[in-house]
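# Geometric and topological summary
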Amino acid sequence: MTFLDAASQHPLLPTFALIALTYLSCLGAVLAAQLAWRGRTAYWLAVLGAFLFLLGALWGRGFLSGASFTFVSVGIVLAVFAVALDLIFGPPFSQPGAEIR
């Protein structure tokens, strides 16, 4: 019996994996919203990406079966793009000991 056979016999494993994935996605969305609210506007894209990721992951099996992969992929791309935009165009990091007097 392989691991995939065990997963098909016991649906609790994929259910717990989906619960953990949903929790981590929501946690990332909350952290991105906090950063966006504090002035880093690029992270609003990450909030939108997390929403689209959750939309595709949770509703993908029943309602959006054809577009599930698209929503999940666009969500991941938006989140990565938001972090990249913040790293490129965001405010510079202050270095310790380099205070303006």
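Residues numbered from 1 in each chain as written. Predicted model: local features only at pLDDT ≥ 70, side-chain atom pairs only at ≥ 80, totals over all residues. Heavy atoms only, no water.

Looking now at the packing of helix α2 (residues 12–37) against helix α3 (residues 43–59). Packed helix pairs are characterised by how far apart their axes lie and by the angle those axes make with each other. Contact geometry for α2 and α3: axes closest at 8 Å, N-to-C directions at 160 degrees. Classified by the angle their axes make, α2 and α3 are roughly antiparallel. Judged by the twist between their axes, the crossing of α2 over α3 is left-handed. Here Leu-18, Leu-21, Thr-22, Ser-25, Cys-26, Ala-29, Ala-32, Ala-33, Leu-35, Ala-36 and Trp-37 of α2 come into contact with α3, specifically with Tyr-43, Trp-44, Ala-46, Val-47, Ala-50, Phe-53, Leu-54, Ala-57 and Leu-58. (Axes fitted to C-alpha atoms, helices over the stretch in contact; angles between N-to-C directions. Helix = DSSP H or I, 4+ residues; strand = E, 2+ residues; numbered from the N terminus. Parallel < 35°, antiparallel > 145°, perpendicular 65-115°, else oblique. Left-handed = near helix turned anticlockwise from the far one by under 90°. Contact = heavy atoms within 4.5 Å.)

Turning to the pattern of salt bridges, a few remarks are in order. In this structure the tally under the stated criterion is 1 salt bridge. Residue Asp-86 pairs with Arg-40 through a salt bridge whose shortest N-O separation is 2.9 Å. Note that Asp-86 is positioned in helix α4 (residues 68–89) and Arg-40 in the loop between α2 and α3, a separation of 46 residues in sequence. Classification of Asp-86 as buried rests on a relative accessible area of 7%. (Salt bridge = Lys/Arg side-chain N within 4 Å of Asp/Glu carboxyl O. Buried < 20%, exposed > 50% of the residue type's maximum accessible area, 1.4 Å probe, protein only.)

Per-chain confidence: the protein chain averages 83 in pLDDT, with 81% of residues scoring 70 or above. Here helix α1 (residues 3–9) stands out as the element of the protein chain with the lowest mean pLDDT, 62, in contrast to α3, whose mean of 91 is the highest. (pLDDT = per-residue confidence, 0-100.)

Their axes nearest at 7 Å, the elements α3 and α4 cross at an angle of 160 degrees. By the angle between their directions, the pair α3 and α4 is classed as roughly antiparallel. Handedness of the crossing formed by α3 with α4: left-handed.

Ala-32, Ala-36, Tyr-43, Ala-46 and Ala-82 form the largest nonpolar core, which has 5 residues in total. When residues of this core are traced back to their parent elements, those giving at least two are α2 and α3. Apart from the residues lying within four places of it in its own chain, the contact partners of Tyr-43 are Ala-32, Leu-35, Ala-36, Ala-82, Val-83 and Asp-86. (Core = buried A, V, L, I, M, F, W, Y, C linked by side-chain atoms within 4.5 Å.)

A grouping of Tyr-23, Leu-24, Leu-27 and Leu-31 is seen on the molecular surface, where their side chains present a nonpolar patch of about 430 Å² in accessible area. Note on placement: Leu-31 falls in helix α2. Taking the relative accessible area as the measure of exposure, Leu-31 reaches 47% and is therefore partly exposed. (Patch = residues over 30% accessible without salt bridge, like charges linked within 9 Å, V, L, I, M, F, W, Y side chains within 5 Å. Areas by Shrake-Rupley, 256 points an atom, 1.4 Å probe, with all protein chains shown as cover.)

By secondary structure assignment, the location of Ser-68 is in helix α4. Ignoring anything within four residues of it in the chain, the contact list for Ser-68 reads Gly-56 and Gly-60.

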